[in-house]
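Chain by chain, the residues run as shown.
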Amino acid sequence: MEQIIELLHRNENITGRFIHRLCGGETTTLNITKELLKQIFEAALHCLKSESEISNETEVYRIAKELLKPYPNGSDFIIENVKFEDVKLMCQKMNANYLGIDEMLNMFCHFANVNVEKVANAITLNKLTLDECKAEIENGFNQCEIDKEIFYIEILNKILLIKQNFALRPTQKIAILFALKNYQSSTDQNGILQQIATGEGKTLIIAVVSIISVLKGYTVNIVTSSPVLAKRDVKDPPCVELFKVFGLKI
């Protein structure tokens, strides 16, 4: 899933033809399994990231290079012209157990919403109270057709861009969306367990999940096993700025 999302953030023409060819079976290899799909995406990303020609000539890299190369007549498919169902099918092949593929793709396929920008600017520039922030978000949400959790995530993402000049990474958005969706999926659910790799920004993930939870009316307690990390993270600039925008203290 992460490989698909990372590829979607790259050149539209390259991504479009890669997925179009892969969904259309334009390879000389039969029976492409889930594991082979992951390897092909990893090889494709390696080729795209490398500044020089990749000399690896294994079957996986041969397929990846074949899917990435330009069309002979120079006319490229762009990602918007690839059927949504094709990309969805590709995600399902790579992770058959995930049930929220539609929402995931909606969030990462060139997300743009004018209401998100309006709400984020209003909250950032006007120093609103928490209740005023809630009202502003609710008003913005009512004027558009979008999943509410994604709306929350993109508002905080926009505020991060305004205040800190960087955005949430795809893997962070995934973790946040999973936490928000899974927690509300059952009234008798006692907790959620997520495994986030080192360096993936757990502090920021927790901050965003916490802020959204407060905006939705929950009381939030953040607990960690390390006093040292707690003291460090409570001063983490991106998180501190986010909490300040909404008038929250940690």
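Heads up: the structure comes first, above all this text.
Here the structure is a predicted model, which means the values were calculated and not measured. (Residues numbered from 1 in each chain as written. Predicted model: local features only at pLDDT ≥ 70, side-chain atom pairs only at ≥ 80, totals over all residues. Heavy atoms only, no water.)

Student: Account for helix α8 (residues 130–142), with residues named and values stated.
Tutor: Between its first and last C-alpha atoms α8 spans 18 Å; for 13 residues at 1.5 Å apiece the expected length is 18 Å, and the two agree. Those residues of α8 lying buried are Cys133, Ile137, Gly140 and Phe141. Buried positions in α8, seen along its axis, are confined to an arc of 100° and lie on one side of it. Away from the buried face of α8 by more than 90 degrees, exposed residues Asp131 and Asn142 are located. Those residues of α8 that are buried are in contact with α7 (114–126), α9 (148–164), α11 (202–215) and α13 (237–245). (Helix = DSSP H or I, 4+ residues; strand = E, 2+ residues; numbered from the N terminus. Expected span 1.5 Å × (residues − 1). Buried < 20%, exposed > 50% of the residue type's maximum accessible area, 1.4 Å probe, protein only. Arc of directions from axis to C-beta. Contact = heavy atoms within 4.5 Å.)

Student: Could you give an account of the pattern of salt bridges, naming the residues involved and the relevant values?
Tutor: Where side chains of opposite charge bring their charged atoms close, a pairing between them can arise. Across all of its chains, the model carries seven salt bridges by this definition. In this structure, the salt-bridge partner of Glu66 is Arg62, at a minimum N-O distance of 2.9 Å. With Glu66 and Arg62 both in helix α4 (residues 59–68) and four residues apart, the pair spans about one turn of that helix. Residue class for Arg62 comes out partly exposed when judged on its relative accessible area of 26%. Residues Arg232 and Asp233 are paired through a salt bridge, measuring 2.7 Å at the closest nitrogen-oxygen approach. Connected via shared salt-bridge partners are Glu59, Arg62 and Glu66. (Salt bridge = Lys/Arg side-chain N within 4 Å of Asp/Glu carboxyl O.)

Student: Let's hear about unusual backbone geometry: which residues, and what values?
Tutor: Here the phi dihedral of Lys127 falls at roughly 50°; this positive angle occurs in a residue that is not glycine. Mapped onto the secondary structure, Lys127 falls in the loop between α7 and α8. With a relative accessible area of 76%, Lys127 lands in the exposed category. Backbone geometry at Asn165 places phi at a positive 65°, although glycine is not the residue there. With respect to the helices and strands, the residue Asn165 is situated in the loop between α9 and α10 (170–184).

Student: Quick one: what's the story with the side chain of Thr124, residue by residue and with numbers?
Tutor: Inspection of the secondary structure puts Thr124 in helix α7. Of the residues examined, Thr124 reaches a relative accessible area of 14% and is grouped as buried. From its side chain, Thr124 meets the backbone oxygen of Ala120 in a polar contact 2.7 Å long. If we skip the residues at most four places from it in the chain, Thr124 touches Ile159, Ile162 and Lys163. (Polar contact = N/O pair within 3.5 Å; in protein donor to acceptor, adjacent residues only side chain to side chain.)

Student: How would you sum up the side chain of Asn157? Please name residues and give values.
Tutor: With respect to the secondary-structure elements, Asn157 resides in helix α9. A relative accessible area of 7% places Asn157 in the buried class. Among all residues touching Asn157, those that are not within four sequence positions of it are Phe166, Ala167, Leu168 and Lys173.

Student: So, α4: which residues are in play, and what are the values?
Tutor: Each α-helix turn comprises 3.6 residues. Residues three or four places apart therefore point the same way. All of the buried residues along α4 are Val60, Tyr61, Ile63, Ala64, Leu67 and Leu68. Each buried residue of α4 lies within a common arc of 160° when the element is viewed along its axis, so the set occupies one face.

Student: Summarise the environment of Cys239; cite the residues concerned and give the values.
Tutor: Within the fold, Cys239 resides in helix α13. Linking Cys239 and Thr203, residues 36 residues apart in sequence, is a C-alpha distance of 7.6 Å. Those residues in contact with Cys239 that lie beyond four places of it in its chain are Thr203, Leu204 and Ala207.

Student: Explain the packing of aromatic side chains to me, using residue names and the numbers behind them.
Tutor: Here the structure, examined in full by the defined rule, presents one aromatic pair. For the pair Phe141 and Phe151, a centre-to-centre distance of 5.8 Å together with 55° between the ring planes defines the contact as tilted. With Phe141 in helix α8 and Phe151 in helix α9, the pair connects residues that are 10 residues apart, well separated along the chain. Taking relative accessible area as the criterion, Phe151 reaches 1% and is therefore assigned buried. (Phe/Tyr/Trp six-rings, centres within 6.5 Å; stacked < 30°, edge-to-face > 60°.)

Student: Quick one: what's the story with the nonpolar core, residue by residue and with numbers?
Tutor: Ile123, Ile137, Phe151, Ile155, Ile176 and Phe246 are the most contacted members of the largest nonpolar core, which has 39 residues in total. Broken down by secondary-structure element, the contributors of at least two residues to this core are α7, α8, α9, α10, α11 and α13. Here the element with the most residues in this core is α11; it accounts for nine residues. Of all hydrophobic cores here, the second largest spans 17 residues; its members include Leu36, Leu37, Ala64 and Leu68. (Core = buried A, V, L, I, M, F, W, Y, C linked by side-chain atoms within 4.5 Å.)

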